[in-house]
Amino acid sequence: MILILSPDTQPDSPEYNQLLGHLAQLPKIKTRIHQEKGAQLTLTEIYLIGDTASLALENMESLPGVERVVRISEEYRILGRHKDDHRPTHFEYNGVRFGQDNLNVFAGLCAVDTPEHVEMMMKALRDHGQVCTRMGAYKPRTSPYAFQGHGKSCLPWVFELAGKYGIKVIAMEVTHESHVDEIREALKQTGSPTGVMLQIGTRNTQNFELLKIVGRQREFPVLLKRGFGITLDESLNAAEYLASEGNRNVVFGLRGMKTNMGDPHRNLVDFAHVPVVRRLTRMPVCVDPSHSVGTRNRAPDGLLEIFHATLQGVIAGANMILVDFHPAPAKALVDGPQALLMEELPLFLECVRNAREAYEKNVRLMGEAKRS
């Protein structure tokens, strides 16, 4: 059960203290307080955990300071979409909106290699009206001999270049709690010219201690990728780990499932789950066509198969795209064979816009059909 308090309820007010005093007397009930600070208002939610079935909604709604009560299901308690739950399905970070009602493109380098390549990428993004990118500084690899990323040494100049070209959010994978501290320190050192969305990769989806640590910080939003060999339910519960520790600014990423049934693609594309995740949760949903397809093969109709997978995700209602581009894929240190070319960026963005317009048109048509 969630108690949603009146806007700007102050924690030192008499009614707030009276409410907490009453809740403390409830048998077999524990409370967890969550505050969401917006530009103008601070919203407080109190989660009641335990035997809440006997609590009447009307009685809880009459408590001091309570504006609304939501009875939640057992699964995905914080991020789930519950009956009569009309809480916002979006968040804003560094001037960029992330929600189930819009779409952001994060095109960039799977792994940071040289300042020249990073600058070429960011300049191209700026020239085509983009404010988000992906830049991998830490790269978990299957082989211990493969390139593991430049790590913290590249962060200052990556962030400075992002600021130079107006990039507001960089999706960047972390594999250890020290990486979060290194990112925070590098942003501080460079005057915070950009923002970072921490990415939990598919290998760490069930690294529960890392999830807890990343969830406890609320400075950075999180992109959680689905585990490549586990169920959707298990991956959604991994996202719930983040939220249960305090960080609800989570985007859920679909990146394909590891199975030979996906051959000849790198993974079995799972973008049909976009509307499923949106139905079950309030999280924005990201698709990663590069790591799903993994090649630059072209279909007979002329479109690259990465384009086809991307558009499948967009027409299904995706809210974010994570895609690999590189100025010189042959020189890329990670996943060069799947990277799109710089000259393909405007075509890619135009195809995405077309698919998004088609999706929105379909939504309008369905809405009109329901009203008629």
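Residues numbered from 1 in each chain as written. Predicted model: local features only at pLDDT ≥ 70, side-chain atom pairs only at ≥ 80, totals over all residues. Heavy atoms only, no water.

### Considering the pairing of strand β1 (residues 2-5)
- Burial along β1 is two-sided: Ile2 and Ile4 facing one way and Leu3 and Leu5 facing the other are all buried.
- Pairing of β1 with strand β4 (residues 66-70) involves 4 bridges; the strand directions are antiparallel. Counted as the bridge partner of isoleucine 2 is valine 70 from β4.
- The pairing of β1 with strand β3 (residues 42-50) spans 3 bridges and is antiparallel. Residue pairing across strands places leucine 3 opposite isoleucine 46, the latter belonging to β3. (Buried < 20%, exposed > 50% of the residue type's maximum accessible area, 1.4 Å probe, protein only. Helix = DSSP H or I, 4+ residues; strand = E, 2+ residues; numbered from the N terminus. Pairing = 2+ DSSP bridges.)

### Things to note about the pattern of salt bridges
- In the structure shown here, the tally under the stated rule is 16 salt bridges.
- Aspartate 101 serves as the salt-bridge partner of arginine 97, at 2.7 Å between the closest nitrogen and oxygen.
- Given the relative accessible area of 29%, arginine 97 is considered partly exposed.
- Look at aspartate 101 and you get partly exposed, because its relative accessible area is 45%.
- With a closest N to O distance of 2.8 Å, arginine 134 and aspartate 324 form a salt bridge. Taken together, the residues arginine 134 in strand β8 (residues 132-134) and aspartate 324 in strand β14 (residues 320-326) connect sequence positions 190 residues apart.
- You can call arginine 134 buried: its relative accessible area is 3%.
- Because the salt bridges share partners, they merge into one network encompassing Lys123, Arg126 and Asp127. (Salt bridge = Lys/Arg side-chain N within 4 Å of Asp/Glu carboxyl O.)

### What about helix α5 (residues 177-189)?
- With 13 residues, α5 extends 19 Å from end C-alpha to end C-alpha; this agrees with the ideal 18 Å at 1.5 Å per step.
- Looking at the buried residues of α5, the elements they touch are α4 (155-164), β9 (169-173), β10 (195-200) and α6 (208-216).
- Just past α5, the residue glycine 191 takes up positive phi, approximately 80°. (Expected span 1.5 Å × (residues − 1). Contact = heavy atoms within 4.5 Å.)

### A few points about the side chain of aspartate 270
- With respect to the helices and strands, the residue aspartate 270 is situated in the loop between β12 (250-254) and α8 (274-280).
- At a separation of 3.1 Å, a polar atom in the side chain of aspartate 270 contacts the main-chain amide nitrogen of glycine 256. (Polar contact = N/O pair within 3.5 Å; in protein donor to acceptor, adjacent residues only side chain to side chain.)

### Describing the nonpolar core
- Met122, Met135, Phe159, Ile183 and Phe348 are the most contacted members of the largest nonpolar core, which totals 91 residues.
- Once residues lying within four places of it in the same chain are set aside, the contact partners of phenylalanine 348 are Val105, Phe307, Thr310, Ile321, Val323, Phe325 and Leu340. (Core = buried A, V, L, I, M, F, W, Y, C linked by side-chain atoms within 4.5 Å.)

### As for the packing of aromatic side chains
- Scanning the model with the defined rule gives 5 aromatic pairs in all.
- Look at phenylalanine 98 and phenylalanine 106: their rings are 6.1 Å apart centre to centre, the planes differ by 40°, and that puts the pair in the tilted class. Across this residue pair, the class does not change: phenylalanine 98 and phenylalanine 106 are buried.
- Ring geometry for phenylalanine 325 and phenylalanine 348: centres 5.6 Å apart, planes at 80°, overall edge-to-face. Of this pair, phenylalanine 325 sits in strand β14 while phenylalanine 348 sits in helix α11 (residues 345-371); the two residues are 23 residues apart in sequence, bridging distant segments of the chain.
- Counting every residue linked through ring pairs, the aromatic cluster contains Phe91, Phe98 and Phe106. (Phe/Tyr/Trp six-rings, centres within 6.5 Å; stacked < 30°, edge-to-face > 60°.)

### Description of unusual backbone geometry
- The residue after aspartate 263, namely proline 264, is reached through a cis peptide bond having omega 10°.
- Structurally, proline 264 is set in the loop between β12 and α8.
- Unusually for a residue other than glycine, asparagine 94 sits at a positive phi of about 50°.
- Phi is positive for aspartate 335, which is not a glycine, with a value near 55°.
- Relative to the helices and strands, aspartate 335 is located in the loop between β14 and β15 (340-341).

### Overview of the environment of glycine 336
- Mapped onto the elements, glycine 336 comes out in the loop between β14 and β15.
- Accessibility expressed as a relative area gives 9% for glycine 336, which makes it buried.
- C-alpha separation for the pair glycine 336 and glycine 294, spaced 42 residues apart in sequence, amounts to 9.4 Å.

### Topic: helix α3 (residues 115-127)
- Given a rise of 1.5 Å per residue, 13 residues ought to cover 18 Å, and the 18 Å separating the end C-alpha atoms of α3 matches this to within 8%.
- Check the buried side of α3 and you find it contacts β7 (104-108), β8, α4, β9, β14 and α11.
- A positive backbone phi angle near 75° is found at glycine 129, which sits one or two residues after α3.

### Comments concerning the packing of α3 against α4
- At a minimum axis separation of 10 Å, α3 and α4 run at an interaxial angle of 25°. By the angle between their directions, the pair α3 and α4 is classed as roughly parallel. In this structure, α3 meets α4 at a crossing whose hand is right-handed. Touching Pro115, Val118, Glu119 and Met122 of α3 are Trp157, Val158, Leu161, Ala162 and Lys164, all from α4.
- Class assignment for the residues of the contact of α3 with α4 results in 7 nonpolar, no polar and 2 charged. (Axes fitted to C-alpha atoms, helices over the stretch in contact; angles between N-to-C directions. Parallel < 35°, antiparallel > 145°, perpendicular 65-115°, else oblique. Left-handed = near helix turned anticlockwise from the far one by under 90°. Nonpolar A, V, L, I, M, F, W, Y, C, P; charged D, E, K, R; others polar.)

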